[in-house]
Amino acid sequence: MGLAAMPYLLPNYYVSIATQVLIFAVLAMSIDILAGYTGRTPLGHGAIFGTATYVTIYWATTLGGSPWTRMLVGIAAATTVAAIFALLAIRTSGVYFLLLTLALGMIVWGVCLRWTSVTGGENGLRGAVRPAFLATHASFYYLVLGAVAVITFVMWRFVNSPFGLTLRGIKDSESRMRSLGYNVPLHLFLAFTVSGFFAGVAGAIYAMFNSFVSPSTVALTQSVAGLLMAITGGIGTLFGSFVGAAAIISLENFVSSYTERWLSVLGLMFVLIMVFAPEGIVGRIRMILDRRRG
Amino acid sequence: MFPELAYFVIFGPMALILAFRPLGLFGRAA
C-alpha cells in the first residue's frame, strides 16, 4: 500500500530513487539466483545488464520501432550474452567462476568502450526510449512497480520449483547430484541463462528510466554493486535484494548530499554487515524469527 | 593496431584459459 501511495506522498526525486531501487533489486535478484541458489558467485552481470540497456537505446536511436520491440530486442541480446557466458563458465566453480565471469564482463566493457561507431565510446548513447504516456515520474514508477511485482513472483516460483530445488542440491553437493543422475552442466547453463534473462529485463527497464547508457553501465563496478546489494540483503533470500538495493541506493543518494566521503560510509556499512550479519539483513531477521519460534 | 580490440586481447586469453582449464593454466585437482 505504501509503495502504491508513494508518488502522492513524496516529491518526484524520491519517486525516482524508489524506481531505481526497484530496477536494481531485479538485477540483485538475478545475481541471487546464481549466488544464493546455485552456489556460483558471478561478477559479470553488470555486463549482461548493460548489454540490454545498450541494445535497447541503440535500437531506439538508430532503428526506431515501438518501445516494447526495443525492450524485447534488448532482453534477447542480454539473454544471448548470458548464454555465451554460461557455455564458457559452467565448467568452473568458486573463485575460478568469479574470475571467468569477471573477464567476460571486462571483454563486454572493452567492446562498449572502444567500438565508438556503434556504442559512442566514452560518450555513450542517448535516446528517448520511454513512450509519451510514461513521461511523468509517477506513471513510470507505477509501470516499474507492476513489472517488478510480476518479475518477483516469477522468480520466486522459479527458485521454489523442482528445477530450483535441483539447483539448491547442486549448491550443496554437485557430485551427489551427478551420482543421482542429474545433468548438472545443463542445469547450470539454464540457471545462468535464466539469471541473465532477468538481468536483461532490469537493463531494458533501466534504458527506459535513464535514456542514456555509457561504458560505466557495463563496468565491473555495476557487477560489484549488484552483488553487494544481493549480499547486503541476504544471499539466498530472494526478497533481501530489495532491502539491499534500498540500503545501497539510499546511502548513495542521501549520504552524498551531506558528505563527500559517502563511499567511506558505504564501505563502513558493508564491514559492519559482514561482521554482525554475514547472512545479510533479511537473512539475519529470518534467523532471529526462527530462534524465537524454535 | 586495432584499439577496438584492446580489452579483448587482455581478457580474452584469460577467459579462454579458464574456459578450457577450469582450475587455471597449471592448476591440478587436490
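Summarised in this report is the structure supplied together with it. In this text, all values refer to a predicted model and were calculated from it rather than measured experimentally.

Some points on the overall build of chain A
Phase 1: Of the regular secondary structure elements, chain A holds 14 helices and 2 strands.
Phase 2: Taking 19 Å as the expected radius of gyration for a compact globule of 294 residues, we find that chain A reaches 19 Å, a close match to that expectation.
Phase 3: Referenced to the eigenvectors of the C-alpha coordinate spread, the extents of chain A come out at roughly 55 × 40 × 35 Å.
Phase 4: Counting only contacts in chain A whose residues sit at least 6 apart along the sequence, the fraction spanning at least 24 positions is 77%.
Phase 5: In the structure as shown, chain A presents an accessible area of about 13,200 Å², 67% of it carried by carbon and sulfur atoms.

So, the nonpolar core
Residues and elements named next belong to chain A.
Phase 1: The biggest cluster of nonpolar side chains holds 95 residues, and the ones touching the most others in it are Ile23, Ile48, Phe85, Met155, Phe192, Ile205 and Met229.
Phase 2: Here the element with the most residues in this core is helix H2 (residues 12-35); it accounts for 16 residues.
Phase 3: Not counting chain neighbours up to four residues away, the residues in contact with Phe85 comprise Gly44, Ala47, Ile48, Leu104, Gly105, Val108 and Phe192.

Regarding the interface of chain B and chain A
Phase 1: Tallying the contact residues gives 15 residues for chain B and 15 residues for chain A.
Phase 2: Together, the buried faces of chain B and chain A total about 1,500 Å²; carbon and sulfur atoms form 76% of this surface.
Phase 3: Applying the counting rule to chain B against chain A returns 0 salt bridges.
Phase 4: In this structure, the connection of chain B to chain A is made through 2 residue pairs in polar contact (both at pLDDT 80 or more).

Section: the side chain of Ser30(A)
Residue and element names in this part refer to chain A.
Phase 1: By the secondary structure assignment, Ser30 is in helix H2.
Phase 2: Polar side-chain contacts of Ser30 include one of 2.6 Å to the backbone oxygen of Leu27.
Phase 3: For Ser30, the contacting residues outside a window of four places in its chain are His45, Met155, Ser195, Phe198 and Ala199.

Description of the pattern of salt bridges
All names here are of chain A.
Phase 1: Counted according to the given criterion, the structure contains 4 salt bridges over all chains.
Phase 2: Linking Glu174 and Arg40 is a salt bridge whose minimum nitrogen-to-oxygen distance equals 2.7 Å. Here Glu174 is found in helix H9 (residues 174-179), whereas its partner Arg40 is found in the loop between H2 and helix H3 (45-63), with 134 residues between them in sequence.
Phase 3: You can call Arg40 buried: its relative accessible area is 7%.
Phase 4: Its salt-bridge partner being Glu279, residue Arg284 comes within 3.5 Å of it at the nearest N-O pair.
Phase 5: Look at Glu279 and you get partly exposed, because its relative accessible area is 23%.
Phase 6: Each of Arg40, Glu174 and Arg178 takes part in salt bridges that share partners, so that together they form one network.

Observations concerning the packing of aromatic side chains
Residue and element names in this part refer to chain A.
Phase 1: If you walk through the whole model with that rule in mind, you get 13 aromatic pairs over all chains.
Phase 2: Site record: aromatic cluster; members linked through ring pairs are Phe24, Phe49, Phe140, Tyr206 and Phe209.
Phase 3: A cation sits over an aromatic face here: Arg130 above Phe140, 4.1 Å from the ring centre.

Remarks on helix H12 (residues 240-255) of chain A
Phase 1: For H12(A), spanning 16 residues, the distance from its first C-alpha to its last is 22 Å, which sits close to the expected 22 Å at 1.5 Å a residue.
Phase 2: Looking at the buried side of H12(A), the elements it contacts are H2, helix H11 (220-233), helix H13 (262-276) and helix H14 (281-293) of chain A.

Quick look at the environment of Leu63(A)
Residue and element names in this part refer to chain A.
Phase 1: The topology assignment puts Leu63 in helix H3.
Phase 2: On the basis of relative accessibility, which here comes to 51%, the residue Leu63 falls in the exposed class.
Phase 3: Spatially, the C-alpha atom of Leu63 lies 20 Å from that of Asn123, the residues being 60 residues apart in sequence.

Here we look at a nonpolar patch on the surface
Residues and elements named next belong to chain A.
Phase 1: Together, Tyr8, Leu9, Leu10, Tyr13 and Tyr14 make up an exposed nonpolar region whose accessible area comes to about 600 Å².
Phase 2: Contributing elements (two or more residues each) for the nonpolar patch: helix H1 (2-9) and H2.
Phase 3: By secondary structure assignment, the location of Leu10 is in the loop between H1 and H2.

Quick look at the packing of H11(A) against H12(A)
Residues and elements named next belong to chain A.
Phase 1: Contact pair H11 / H12: the axes reach a minimum separation of 7 Å and the direction vectors enclose 120°. As H11 runs across H12, the sense of the crossing is right-handed. In this structure, H11 uses Ala225, Leu228, Met229, Ala230, Thr232 and Gly233 to contact H12, whose residues at the interface are Gly240, Ser241, Gly244, Ala245, Ile248 and Ile249.
Phase 2: Across the contact of H11 with H12, the residue classes tally to 7 nonpolar, 5 polar and no charged.

A look at the side chain of Thr19(A)
Residues and elements named next belong to chain A.
Phase 1: Looking at the element boundaries, Thr19 is found in helix H2.
Phase 2: Thr19 sits in the buried class, given a relative accessible area of 2%.
Phase 3: Setting aside chain neighbours within four positions, we find Thr19 in contact with Phe140, Tyr141, Val144 and Phe209.

What counts, and where the lines are drawn
Residues numbered from 1 in each chain as written. Chains lettered and ligands numbered in written order. Predicted model: local features only at pLDDT ≥ 70, side-chain atom pairs only at ≥ 80, totals over all residues. Heavy atoms only, no water. Helix = DSSP H or I, 4+ residues; strand = E, 2+ residues; numbered from the N terminus. Rg over C-alpha atoms; globule rule 2.2 N^0.38 Å. Contact = heavy atoms within 4.5 Å. Areas by Shrake-Rupley, 256 points an atom, 1.4 Å probe, with all protein chains shown as cover. Core = buried A, V, L, I, M, F, W, Y, C linked by side-chain atoms within 4.5 Å. Buried < 20%, exposed > 50% of the residue type's maximum accessible area, 1.4 Å probe, protein only. Buried area = accessible area lost by both parts, 1.4 Å probe. Salt bridge = Lys/Arg side-chain N within 4 Å of Asp/Glu carboxyl O. Polar contact = N/O pair within 3.5 Å; in protein donor to acceptor, adjacent residues only side chain to side chain. Phe/Tyr/Trp six-rings, centres within 6.5 Å; stacked < 30°, edge-to-face > 60°. Lys NZ or Arg CZ within 6 Å of the ring centre and 35° of its normal. Expected span 1.5 Å × (residues − 1). Patch = residues over 30% accessible without salt bridge, like charges linked within 9 Å, V, L, I, M, F, W, Y side chains within 5 Å. Axes fitted to C-alpha atoms, helices over the stretch in contact; angles between N-to-C directions. Left-handed = near helix turned anticlockwise from the far one by under 90°. Nonpolar A, V, L, I, M, F, W, Y, C, P; charged D, E, K, R; others polar.

Everything listed here is a matter of geometry and, on its own, says nothing about what the molecule does.
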